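These are the residues of each chain, in order.
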Amino acid sequence: MTTTESRALDEIKIGGLGSSRKRVEDDRFIRGKGNYTDDIVLPGMLHMEILRSPLPHARIRSIDTSKAYAVPGVHLVLTGELMATRNLAWMPTLSYDTQAVLATDKVRFQGQEVACVIADDPYIAKDACELIEVDYEPLPPIVNPWQGLSPDAPVIRDDKVNQTDNVIYHWEVGDQAGTDRAFAQADVISQLECHYPRSHPSPIECCGSVADFNRATSKLTVYMTTQAPHIIRAAVAMVAELPEQMIRIVSPDIGGGFGNKVPIYPGYVCSILASILLERPVKWIEDKTGNLISTGFARDVYLRGEMALRRDGKILAFRMHTDADHGAFFADAQPSKFKIGLIHSAFAAYDVPVAHLTARGVYTNKAPGGVAYRCSFRVTEAMFFQERMVQAAAQDLGMDQAAFRRMNFVRDDDFPHRTPLGFLTDSGQYAKCLDVGLKAIGYENFKQEQAEARKRGRLLGLGISTMTEPLGAGNSREYDILGIKMFDSAELKVHMSGKAILRTGAKTQGQGHETTWAQIVAHELGIPADDIVVEEGDTDTAPFGMGTYASRSTPVAGAAVAMVSRKIRAKARKLAAHLLEVSEEDVEWELGRFYVRSSPQRGVSIQECAMAAYSNMPDGMEPGLENTAYYDPPNLTWPFAVYIVTVEVDPETGVWDVLRMVAVDDCGVRINPMIVEGQIMGGLTEAYAMASMQFITFDADGNCVGSNYMDYLLPSAWETPGFELHSEVVTPCPHHPIGAKGIGECAAVGGPAAFVNAVMDALSWTGVRNIDMPLLPDRVWEAITLRRDVSGAPPVRQD
């Protein structure tokens, strides 16, 4: 059949792959018709508020709730002691640790949950919380790993049997002996120490839940802000000892997640128990300070890195040691096999013969951290440390930073490539992406401008960050959470009219699933995207899935959508053969239509096949046109990106301004280019925020500094620089059904190092090697004035 004879549908017109289709979910959002957890109102609903500890470390002598109980409208006060009678004072974390639901023996971080009040409205509950009297015995706080590792440090987790210090784990990967040999042969050894500071995802909607236990049916329904409804259902079944089939988790519209809404929080558990005890619905909605001070943090990792180099610029080996500050409980959401996520993906884009990485985790008196904040399990730290080390190495060699990267990149013809720490990368055009970025920024011209400006006292800098990120965790041989393999699912039902409903085990929080999943179905079946409804988030209707985080949407759930569509198409082919009265082998497919190979004008549409599935199926065929697919990815996907930033630094004040920012992202096949660009811009905005202003830390007394938006600054449109995006390079993923790789986190992962490297490049003449993020003006000024590295590690001074 020639192109001129083809009757295939126009894929862009029906909203298939490559269409910049407007987000269908925005129709309700821009009209204020979103349905969030706080919008849920049930008959007889009560409200819960949480009393939090003002101290970071203290023994609880007593808790007196009598005054709270005396307040009219108060129905219940929960304490750790009461929770313990139900075996709910502690709960498991996603990293096989335990976490206090409500404190019993002592509090271990400022903001820890101590008691809950359930009342007729949230104002009564809040007032009653303030009447609870807690007698604390203060204990010395620990606010960084070094304090926690001190021999005389108090043991934070003295509740744990055989826990005699504050060390959580030691973990290593790589070839230590081979790495030692490579370092012995090195011409130059480059060293760098830095800290990726604690940061908070700060979703616009805080965490919350509405628990509704029906005693008559023994069914528990929980509406909640979770990115992983099925995992929460399994966890609730374990913690509350309820039958899983009698638990329904509904995750309605979510006002941003960024990893913050993956963990199980004490507020969820308390609202569930309160509903069971009172037999009425109980709503808990967190406030902003509660969210910032107590829910899942990210980062807070210290690096000691070394690179063994040949004089000509070849990387022979690298060593990395990380110390991770996990807070009071080891609550990372990550694959069970790994202790510090996928941080060993560092240098995956570089052809390095051998490497060794060691990691240590430490308890401190902070809220538990380690959530995958817009990253694939510690990959943000890996790529930041990698690119800071690469820039330092190029500087130590006196080599151009772009040429150093190009020399050490994995070549296009070297895929699949095994990294020295065990990953298998499968595709990429790294040098081409770098060339596109350098051309766009005007690299050679800028270097000349930079040299001339320096003669006049102006400080210009250019920073590069290049990285490939492992997305789509992951194959069942290696990846699980709480023992559950990290596959994902899709269920597709095509009605007799040819319209369809798609349900997946993922859960959107702004990624545009309702739009892009329909585009994949349109691509596979030729059903217009506008004829497809997408539903997610209800465990009673959605197929089991692991939820959405770590850029798993397109690599795993999106693949499941493609695979279930192909199952539908396979059955539709049989129906088409029946309708056309030919053998199945004689039937060909073009978008939206089956036709007879020898007579292309004879054909039937996918809609006609759908009608036949309910009205004219062949003998022996089961009626209906629906199916389910579970997709277990054979490997991770590996998008690649180049981010280049130019800045000017004011030597008198330390203020730095972004002049230009160029982003080149190769994320494989783009389902919806407009949504991809939006994801990149959002990620770059967060990258800029991390590098320049987001600062949440702790003083020597363990007080959280940055627990409000007066201190923890989020960039507005006024502060955010412009971004120049490039999409010329497309390397399809060889194992993904549609060749996509994922994109949602890449810019937030690779972007921070580009901003920091640019400022450090502007200051290269000072001899300063590192300023910890965020690069606040006073830190930059201190580095320029005193010619020394500037640490941002806590404790901070409050004078």
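For the structure itself, look to the data block above.
Residue positions within a chain follow its written sequence, with the count starting from 1. A pLDDT threshold of at least 70 governs which residues receive local features in this predicted model, and a stricter bar of 80 or more applies before side-chain atom pairs are shown or counted, although totals over entire chains, interfaces and linings include all residues. Only hydrogens and water are set aside; all other atoms, that is, all heavy atoms of the structure, feed into the side-chain values.

1. Quick look at empty space enclosed by the protein
To keep it simple, the criterion reads: Each cavity reported here is a set of points on a 1 Å grid over the protein atoms alone in which a 1.4 Å probe fits but cannot get out, each pocket an open set with protein on both sides within 12 Å along at least five of seven lines, and each lining residue one with an atom within 4 Å of a point. Grid points are joined across faces, edges and corners, and a volume is the space filled by probe spheres set on the points. Side-chain classes follow a simple rule in which Ala, Val, Leu, Ile, Met, Phe, Trp, Tyr, Cys and Pro form the nonpolar group, Asp, Glu, Lys and Arg form the charged group, and the remainder, Gly included, forms the polar group.
The final tally for this structure, using the stated rule, is eight cavities of 30 Å³ or more. Computed from the structure, the largest cavity encloses a volume of approximately 70 Å³. Contributing to the lining of the largest cavity are Gln99, Pro263, Ile264, Tyr265, Ser294, Thr295, Gly296, Ala331, Pro368, Gly369 and Val371. Here the lining of the largest cavity is composed, by residue class, of six nonpolar, five polar and no charged.

2. Concerning the environment of Arg779
Put simply, the rule is: Helix and strand definitions here come from DSSP, where helices need a minimum of 4 consecutive H or I residues and strands a minimum of 2 consecutive E residues; each element is numbered from the N-terminal end. Residue contacts follow a heavy-atom distance rule, with two residues in contact if any of their heavy atoms lie within 4.5 Å.
In this structure, Arg779 sits in helix α19 (residues 777-786). Sequence separation between Arg779 and Arg503 is 276 residues, and the spatial gap between their C-alpha atoms is 50 Å. Once you skip the residues sitting within four places of it in the chain, Arg779 turns out to touch Phe695, Ile771, Asp772, Met773, Pro774, Val790 and Gly792.

3. Details of the sheet that holds strand β28 (residues 599-605)
Put simply, the rule is: Here the rule is simple: two strands pair whenever DSSP picks up at least two bridges between them. Fitted lines through C-alpha atoms serve as axes, helices being fitted only where they are in contact, and the angles separating the N-to-C directions of these axes extend from 0 to 180 degrees.
The sheet built from three strands is open, its strands ordered β26-β27-β28 with antiparallel pairing. The sheet terminates laterally at β26 (587-590) and β28, the two strands that pair on one side only. Along the sheet, successive strands turn relative to each other by an average axial angle of 35°, direction set aside. Contacts between helix α16 (residues 606-615) and the sheet are confined to β27 (593-596) and β28, with β28 contributing the most and set at about 55° to the helix.

4. Quick notes on the environment of Gln694
Our working definition: Each residue is assigned to one of three classes by its accessible area relative to the maximum for its type, calculated with a 1.4 Å probe on protein chains only: buried under 20%, partly exposed between the two thresholds, exposed over 50%. Residues adjacent in sequence count toward polar contacts only when both atoms are side-chain atoms; beyond that, a polar contact is any pair of N or O atoms within 3.5 Å, and within protein one must be able to donate a hydrogen and the other to accept it.
Structurally, Gln694 can be placed in the loop between α17 (673-692) and β32 (697-698). Given the relative accessible area of 5%, Gln694 is considered buried. Along the chain, Gln694 and Ser199 lie 495 residues apart, while their C-alpha atoms are 7.0 Å from each other. Polar contacts involving the side chain of Gln694 include one to the side chain of Tyr712, which spans 2.9 Å.

5. Considering helix α7 (residues 229-240)
Defined as follows: To estimate how far a helix should extend, the number of its residues minus one is multiplied by 1.5 Å.
For α7, built from 12 residues, the straight-helix expectation of 16 Å at 1.5 Å per residue is met to within 8% by its first-to-last C-alpha distance of 16 Å. With 10 of 12 residues buried, α7 lies mostly within the body of the structure. Buried residues of α7: Pro229, His230, Ile231, Ile232, Arg233, Ala234, Ala235, Val236, Ala237 and Val239, and no others. Along its buried surface, α7 packs onto β4 (90-92), β12 (219-224), β13 (247-250), α8 (266-278) and β22 (484-485).

6. Considering the pattern of salt bridges
Applied cut-off: Whenever a carboxyl oxygen of Asp or Glu lies within 4 Å of a side-chain nitrogen of Lys or Arg, that contact is scored as a salt bridge.
Applying the stated rule across the entire model yields 56 salt bridges. Between Arg28 and Asp253 there is a salt bridge; the shortest N-O distance is 2.8 Å. Residue Arg28 is located in helix α1 (residues 26-29), and its partner Asp253 is located in the loop between β13 and α8; the two are separated by 225 residues in the primary sequence. With relative accessibility at 10%, the residue Asp253 sits in the buried group. One salt-bridge network, held together by shared partners, links Arg59, Asp97, Asp105, Lys106, Arg108, Arg157, Asp158, Asp159 and Lys160.

7. Side note on the sheet that holds strand β2 (residues 58-64)
Spatially, three strands are ordered β6-β2-β8 in an open sheet, and the strand pairing comes out antiparallel. Of all strands in the sheet, those with a lone pairing partner are β6 (106-107) and β8 (133-138), marking the two edges. Looking at chain direction, β2 and β8 are connected through six bridges and run antiparallel. Paired with Arg59 across the strands is Glu137, a residue of β8.

8. Focus on the pairing of strand β30 (residues 640-649)
For β30, the buried fraction is high: nine of the 10 residues fall into the buried class. When strand β20 (residues 459-468) meets β30, the two strands line up antiparallel, connected through 10 bridges. Looking across to β30, one finds that Gly461 is bridged to Val647. In this structure, β30 lies alongside strand β31 (residues 656-666), joined through 10 bridges in antiparallel fashion. Paired with Ile644 across the two strands is Val662, which belongs to β31.

9. Digging into the side chain of Ser209
Relative to the helices and strands, Ser209 resides in strand β11 (residues 208-214). In this structure the side chain of Ser209 is engaged in a polar contact, spanning 2.9 Å, whose partner is the side chain of Ser271.

10. Comments concerning a nonpolar patch on the surface
Our working definition: Each patch is built from salt-bridge-free residues with over 30% relative accessible area, joining like charges within 9 Å and nonpolar side chains (Val, Leu, Ile, Met, Phe, Trp, Tyr) within 5 Å. In short, Shrake-Rupley with a 1.4 Å probe defines the accessible areas, and a residue's cover is counted only from the protein chains shown.
There is a patch of nonpolar side chains on the surface, built from Met496, Met611 and Tyr614 and spanning about 270 Å² of accessible area. Here Met611 lies in helix α16.

11. Thoughts on the pairing of strand β15 (residues 301-309)
In terms of residue burial, β15 counts as a mostly covered element, since eight of its nine residues are buried. In terms of strand pairing, strand β10 (residues 188-196) meets β15 through nine bridges, oriented antiparallel. Its bridge partner being in β15, Tyr196 is matched across the sheet by Val301. Bridge count for β15 against strand β16 (residues 315-325) is nine bridges, and the pairing is antiparallel. Bridge pairing in β16 places Leu309 opposite Ile315. The turn linking β15 back onto β16 is made up of five residues, and Gly313 within it adopts a positive phi angle of 110°.

12. With respect to the packing of aromatic side chains
Threshold: Stacked, tilted and edge-to-face are the three classes applied to pairs of Phe, Tyr and Trp rings, where Trp contributes its six-membered ring and a pair requires centres within 6.5 Å; stacked means planes under 30 degrees apart, edge-to-face means over 60, and tilted covers the rest. Should the NZ of a Lys or the CZ of an Arg lie within 6 Å of a ring centre and within 35 degrees of the ring normal, that charge is described as sitting over the ring.
Summed over all chains, the structure comprises 25 aromatic pairs. An aromatic cluster of three or more residues is present, and its members are Phe318, Phe347, Tyr350, Phe409, Phe415, Tyr430 and Phe640. Directly above the aromatic system of Phe297 lies the positively charged group of Arg198, at a separation of 4.5 Å from the ring centroid.

13. Section: the packing of helix α10 (residues 379-397) against helix α11 (residues 401-408)
Under the convention used in this document: By the definition adopted for this analysis, an angle is roughly parallel if under 35 degrees, roughly antiparallel if over 145, roughly perpendicular if from 65 to 115, and oblique otherwise. In this scheme, a crossing is called left-handed if the near helix is turned counterclockwise away from the far one by less than a right angle; it is called right-handed if the turn is clockwise.
Between α10 and α11, the least distance of the axes is 9 Å, while the angle of their chain directions is 110°. Relative to α11, the element α10 lies roughly perpendicular. Taken as a pair, α10 and α11 cross one another with a handedness that is right-handed. The segment α10 lies against α11, with Glu387, Val390, Gln391, Ala393, Ala394 and Leu397 engaging Gln401, Phe404 and Arg405.

14. As for the nonpolar core
This is how it is decided: By nonpolar core is meant a set of buried Ala, Val, Leu, Ile, Met, Phe, Trp, Tyr and Cys residues that side-chain atoms within 4.5 Å join together.
Judged by nonpolar contacts, the single largest core of 136 residues is most densely connected at Phe347, Tyr643, Val649 and Trp656. With 12 residues, helix α18 (residues 746-762) is the largest single contributor of residues to this core. Of all hydrophobic cores here, the second largest spans 48 residues; its members include Leu492, Val521, Ala529 and Ala572.

Read these as layout, nothing more, since geometry by itself doesn't imply function.
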